Amino acid sequence: MSLLFTDEEFRSACKELDEPQLDGGWELFTETMGVKIYRLYDKETGLYEYKVFGVLGGCIPDLCADVYMDLTYRKHWDGYVKELDEKDFGGERAIYWEVKYPFPLSNRDYVYVRERRDLDVDGRKIWVILARSSPQTSCAEKKGVLRVNDYKQSVAMESDGANGTRVFMHYFDNPGGMIPTWLVNWAAKSGVPGFIKDLQTACSNYKTYCEGK
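In this text the structure is predicted, and so the values were computed from the model without any measurement.

Draft legend 1. Here's a closer look at the environment of Ala 140. Inspection of the secondary structure assignment puts Ala 140 in the loop between β7 (124-133) and β8 (146-148). Separated by 60 residues in the primary sequence, Ala 140 and Tyr 80 have C-alpha atoms spaced 21 Å apart.

Next comes the structure, spelled out in structure tokens:
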């Protein structure tokens, strides 16, 4: 199988853990629960892309990476998931993800590819997961659900030196349609820290989940 992402893309995510790349208009958007969120205005779409820096206490990085990659488990702990599965689309493997949106907005769905690498960087163990939309994948659109064709995310994780995980996340998506500004702001200010808190809880419960399968 050809590599989905380049070595440079993985190195770039690793670098952000030590030297956040915030030149070019990035601004601190909010800070909560030990998580800093920066945003950058995208003139082409009129939307923002985000970078998140924080620490997951009580959760070691290899466990975080395993939980993050486990799609079946995510359906148990992420209340916004309507459908989430890795499928074969005409010989190409990709992930189909439908996200619940609050009424009266239509749900969104994504078809994307991802890759995880567990890296040794000058003696440091860093876990990196990259994902991006795959609009060329042959997946029929659902009636009443809006397809997101412009999505990217990178996550880098390493130990905080104790029993926690330092996390960097960079993401952007263009959900299409008429999304109220309040919802966009809520998703960034509350949804992201909320997701990180849910991820922490999911890590704590993962062993019990695996034993019960």
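Draft legend 2. Region of interest: the environment of Pro 180. Its location among the elements puts Pro 180 in the loop between β10 (165-173) and α4 (181-211). In this structure Pro 180 comes out as partly exposed when scored by relative accessible area, which is 26%. In this structure, the C-alpha to C-alpha distance between Pro 180 and Leu 105, residues 75 residues apart in sequence, is 9.7 Å.

Draft legend 3. Examining helix α1 (residues 7-18) more closely. If you check which residues of α1 are buried, you get Phe 10, Ala 13, Cys 14, Glu 16 and Leu 17. Buried residues of α1 fall within an arc of 150° about the axis and therefore sit on the same side. Buried-residue contacts for α1 involve β3 (47-56), β6 (108-121), β7, β9 (151-159) and β10.

Draft legend 4. Representation of the pattern of salt bridges in the model. For the coordinates displayed, the defined rule picks out 20 salt bridges. Note that Glu 83 and Lys 142 form a salt bridge whose closest N and O atoms lie 2.8 Å from each other. Placement of Glu 83 in strand β4 (residues 81-89) and of Lys 142 in the loop between β7 and β8 is noted, with a sequence separation of 59 residues between them. Overall, Lys 142 belongs to the partly exposed group, its relative accessible area being 33%. Arg 124 is the salt-bridge partner of Glu 158, the closest N and O atoms lying 2.8 Å from each other. You can see Glu 158 sitting in strand β9 and its partner Arg 124 sitting in strand β7, a full 34 residues away along the chain.

Draft legend 5. Looking closely at the nonpolar core. Counting residues in each nonpolar core, the largest one holds 29 residues, and the members touching the most others are Val 52 and Val 67. Those elements that provide at least two residues to this core are β2 (35-42), β3, α2 (61-69), α3 (71-77), β7, β9, β10 and α4. With nine residues, the single largest contributor to this core is α4. Contact partners of Val 52, with chain neighbours within four places excluded, come to Val 35, Lys 36, Ile 37, Val 167, Phe 168, Met 169, Tyr 171, Val 192 and Ile 196. One finds Ala 13, Ala 94, Tyr 96 and Ala 156 within the second-largest nonpolar core, a separate group that totals 20 residues.

Each value, and the rule that gives it
Residues numbered from 1 in each chain as written. Predicted model: local features only at pLDDT ≥ 70, side-chain atom pairs only at ≥ 80, totals over all residues. Heavy atoms only, no water. Helix = DSSP H or I, 4+ residues; strand = E, 2+ residues; numbered from the N terminus. Buried < 20%, exposed > 50% of the residue type's maximum accessible area, 1.4 Å probe, protein only. Arc of directions from axis to C-beta. Contact = heavy atoms within 4.5 Å. Salt bridge = Lys/Arg side-chain N within 4 Å of Asp/Glu carboxyl O. Core = buried A, V, L, I, M, F, W, Y, C linked by side-chain atoms within 4.5 Å.

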